[in-house]
Amino acid sequence: MSDRAALLETLRSADLQLTGRLIDASNATFCATLVVAPTLACVYKPVRGERPLDDFPDGTLSKREVAAFLVSEATGWDIVPPTVWREDGPYGPGMAQQWIEVDPTIDIIELVRGDHVALRDMAVFDAVVNNGDRKGGHLLPVTATKIHGVDHGVTFSIEPKLRTILWSWRGEPLETERITV
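The sections below set out a description of the structure shown in this document.

About the criteria used
Residues numbered from 1 in each chain as written. Predicted model: local features only at pLDDT ≥ 70, side-chain atom pairs only at ≥ 80, totals over all residues. Heavy atoms only, no water. Core = buried A, V, L, I, M, F, W, Y, C linked by side-chain atoms within 4.5 Å. Buried < 20%, exposed > 50% of the residue type's maximum accessible area, 1.4 Å probe, protein only. Helix = DSSP H or I, 4+ residues; strand = E, 2+ residues; numbered from the N terminus. Contact = heavy atoms within 4.5 Å. Disulfide = S-S within 2.5 Å. 1 Å grid on protein atoms, 1.4 Å probe; cavity = no way out; pocket = protein on both sides within 12 Å on 5 of 7 lines; lining within 4 Å. Points joined across faces, edges and corners; volume = space filled by probe spheres on them. Nonpolar A, V, L, I, M, F, W, Y, C, P; charged D, E, K, R; others polar. Axes fitted to C-alpha atoms, helices over the stretch in contact; angles between N-to-C directions. Parallel < 35°, antiparallel > 145°, perpendicular 65-115°, else oblique. Left-handed = near helix turned anticlockwise from the far one by under 90°.

## Comments concerning the nonpolar core
Counting 32 residues, the largest nonpolar core has L11 and L119 as its most contacted members. Elements supplying a minimum of two residues to this core: α1 (4-13), β2 (30-34), β3 (40-46), α2 (61-75), α3 (108-113) and α4 (117-129). Examining the composition of this core, we find that six residues originate from one element, α4, more than from any other. Setting aside residues up to four positions removed in sequence, L11 forms contacts with L34, L40, C42, P82, T83, V84, R86, A96, Q97 and Q98.

## With respect to the state of the cysteines
Going through the model one piece at a time under the given rule, you end up with zero disulfides. You can see C31 has no disulfide; the closest cysteine sulfur is in C42, sitting 8.9 Å from it. By relative accessible area, C42 is classed as buried at 1%.

## So, the layout of surface pockets
Taken as a whole, the largest pocket spans an internal volume of roughly 930 Å³. Lining the largest pocket are 40 residues, and of these A25, T29, K45, H138 and D151 lie nearest its centre. When residues of the lining of the largest pocket are traced back to their parent elements, those giving at least two are β3, α2 and β5 (94-98). Taken together, the residues of the lining of the largest pocket sort by class into 17 nonpolar, 11 polar and 12 charged.

## Digging into the packing of α2 against α4
Running from N to C, α2 and α4 point in directions that differ by 130°, and their axes come no closer than 11 Å. The pairing of α2 with α4 is recorded here as oblique in orientation. The two elements α2 and α4 cross, and the hand of that crossing is right-handed. Packed against α2, whose contacting residues are A68, V71 and S72, the element α4 presents F125, V128 and V129 at the interface. Looking at the contact of α2 with α4, its residues break down into five nonpolar, one polar and no charged.

Here it is, written out as structure tokens:
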């Protein structure tokens, strides 16, 4: 689906059918299909499936995922896949995010050790959204030049929480050509 507005509307309103569950996730995270032509795969995280955290208000993790997408859009870096809030779903309100197919030949460890501009942007993004949970499994390399970041439920804390594997650029100035207004 090429039109961004149409994609977001499809994520928000198309009939959502569960096709599986990501069992390694700490919160209820489902694979789903949006019933449109052509079908569209997505991730669905209902509020009802969120485990309570001592340092985040209950029922807010899915909304933080949507907020992270909005910041990603505002920067123009396209880090977070299209993500929307849905009032309905098989398990009630929650977020829906476009499923991203990754290139399985890309080694995440080598990627993180390198000087990849997309990961530099993601490191800045993580600092801005105060990401408390950037792990290697949250990096989705689509191509050698395009990497998405996912799982942003533990962001926007009022206290410093930055936990990330992307420390290669700590202390270095931002590259002015990467700063958008």
